[in-house]
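Residues per chain, in single letters:
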Amino acid sequence: MTPPPVARPKPRHEPTFRERIGAHSLLLTQGEKDLAALLLQSFPEVAFESTAEIGRRVGVSAATVTRFFAKLGYAGFHAFRAEAQGAVRSMQSSPVDRLNPKAGGGASAAATLKRGFELERGNLDATLAGIRESEWIALADRLLEPNGRIYVLGERKGFAVAYYLYIHLNLCLPNVTLLNFQGALTPDSLIRVSEDDLLIAIEGRRYVASTRRVARAFLRKGAEVALWTDSPLSPIYKDARFRVVLSTASPGPFDSYAAALALSNALANLLAEKLGRSLAKTLQEGEAVWREFHTFAQPGDGEE
C-alpha cells in the first residue's frame with residue numbers, strides 16, 4: 001500500500017526590516033527609537049555603513065547597534081545587510097517581477113486577506129516609528145506660513161494620495177494647487193512658482209521621471225520640497241527639505257499606500273488643531289456652498 005504523501009511545510013515568511021520595527025515599536029527604548037528612526041529614514045543605504053558608523057550618527061556604541069538588531073530578531077548585522085542589498089535590487093522592479101508565478105494555487109483568499117491586513121498594521125507602525133516629531137511639526141508650520149502657494153503632486157498610484165491630501169488641505173488653506181501631469185501643459189503650471197512656495201511630492205518605487213523634473217523645477221526657483229517616498233533611494237530625497245519614508249509592504253506585486261493615506265489624514269487634522277476657529281468659519285461657509293450646489297444627498301433623495 002502506497003503511503004500517503006507527506007505535506008511539506010509552507011516556507012515561513014521572513015519579516016522585513018520595516019515589519020520588524022512595526023512589530024517591536026512598543027518595546028523599544030527611547031535610544032532604540034532614535035536608532036530606528038535613523039535607520040528607517042536611511043534604509044537601505046545605511047546598511048552599507050558599519051555598526052560603529054551607524055552608532056556615531058545616533059550617539060550610541062557599536063555594541064548597542066548590534067544588540068538592537070538582535071532584539072529585532074536578526075541573526076546578526078550581516079543578515080540586515082543582506083536584506084538591504086535585496087531591497088536595492090527590488091527598488092526598480094516591476095509588478096511582473098514581483099508576481100508569484102505560483103499564485104492562484106497557493107494561499108486561500110482568507111489567508112491573503114489576513115496577511116494583507118497584518119502587513120498594513122506593520123506599515124503604519126513602521127512609518128510612524130520613522131517620523132521625527134519635530135520635523136512633522138515643522139512641516140505643519142511651514143504649510144501655515146502666509147506667503148506662497150502649496151503644490152501637491154503624485155503620479156500614477158501616488159495621484160490617489162495626492163488628490164486625497166489636496167481635498168483636505170484645500171479646506172484648511174487658501175493657497176493649494178493640485179498638480180496633474182498633463183504632458184506638454186505641465187510646465188505651464190510651474191510658470192508662477194516662486195521661492196515662497198512648497199511642493200509636496202508623493203511617490204513610490206520606480207520613481208516616475210516627471211516627478212523628478214517637477215521637483216527640480218521648484219528647487220531651481222528656490223522653492224522647498226516635502227517628499228513622501230518609500231526609500232532614500234528616491235532621486236529627490238537628498239534635496240527635499242521635509243522627508244517621510246513610507247513603509248509599503250504588501251502580500252503581492254502591488255505596493256501599499258495605506259501609510260501615505262494615514263499620513264495625509266494626520267497632517268490635515270494637525271492643521272485643523274492649529275487653525276481652530278478660523279477653520280470652523282471656513283467649514284461653515286463651505287456648508288452654505290454645498291447646500292446651494294446640492295453637493296450631498298439629503299434625507300428622502302432618490303425616493304419615488
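Predicted model only: the values in this text are computed from it and were never measured.

**What about the layout of surface pockets?**
Part 1: In this structure, the second largest pocket encloses a volume near 360 Å³.
Part 2: Taken together, 14 residues line the second largest pocket, and the ones lying closest to its centre are Gln 30, Lys 33, Leu 128, Ala 129 and Ile 131.
Part 3: Counting residues per element, the ones that place at least two in the lining of the second largest pocket are helix H2 (30-42) and helix H7 (109-129).
Part 4: A per-element tally of the lining of the second largest pocket places H2 first, with five residues.
Part 5: Class assignment of the residues belonging to the lining of the second largest pocket gives a composition of seven nonpolar, two polar and five charged.

**Side note on the packing of H2 against helix H3 (residues 51-58)**
Part 1: Interhelical geometry of H2 versus H3 gives an angle of 115° and a closest axis separation of 10 Å. For the element pair H2 / H3, the angle class is roughly perpendicular. As for the relative orientation of H2 and H3, their crossing is right-handed in sense. Of the residues in H3, those in contact with Asp 34, Leu 35, Leu 38, Leu 39 and Ser 42 of H2 are Ile 54, Arg 57 and Val 58.
Part 2: Each residue belonging to the contact of H2 with H3 can be placed in one class, and the counts come to five nonpolar, one polar and two charged.

**Quick word on the confidence of the model for the protein**
Part 1: A residue-level look at the protein finds 87% of positions with pLDDT of 70 or above and a mean pLDDT of 85.
Part 2: For the protein, helix H6 (residues 95-98) is the element with the lowest average pLDDT, namely 56, and strand E3 (residues 198-202) is the one with the highest, namely 96.
Part 3: Taken together, the stretch residues 6-11 has pLDDT below 50 and engages in zero contacts with residues farther than four places along the chain or on a different chain.

The rules behind each value
Residues numbered from 1 in each chain as written. Predicted model: local features only at pLDDT ≥ 70, side-chain atom pairs only at ≥ 80, totals over all residues. Heavy atoms only, no water. 1 Å grid on protein atoms, 1.4 Å probe; cavity = no way out; pocket = protein on both sides within 12 Å on 5 of 7 lines; lining within 4 Å. Points joined across faces, edges and corners; volume = space filled by probe spheres on them. Helix = DSSP H or I, 4+ residues; strand = E, 2+ residues; numbered from the N terminus. Nonpolar A, V, L, I, M, F, W, Y, C, P; charged D, E, K, R; others polar. Axes fitted to C-alpha atoms, helices over the stretch in contact; angles between N-to-C directions. Parallel < 35°, antiparallel > 145°, perpendicular 65-115°, else oblique. Left-handed = near helix turned anticlockwise from the far one by under 90°. Contact = heavy atoms within 4.5 Å. pLDDT = per-residue confidence, 0-100.

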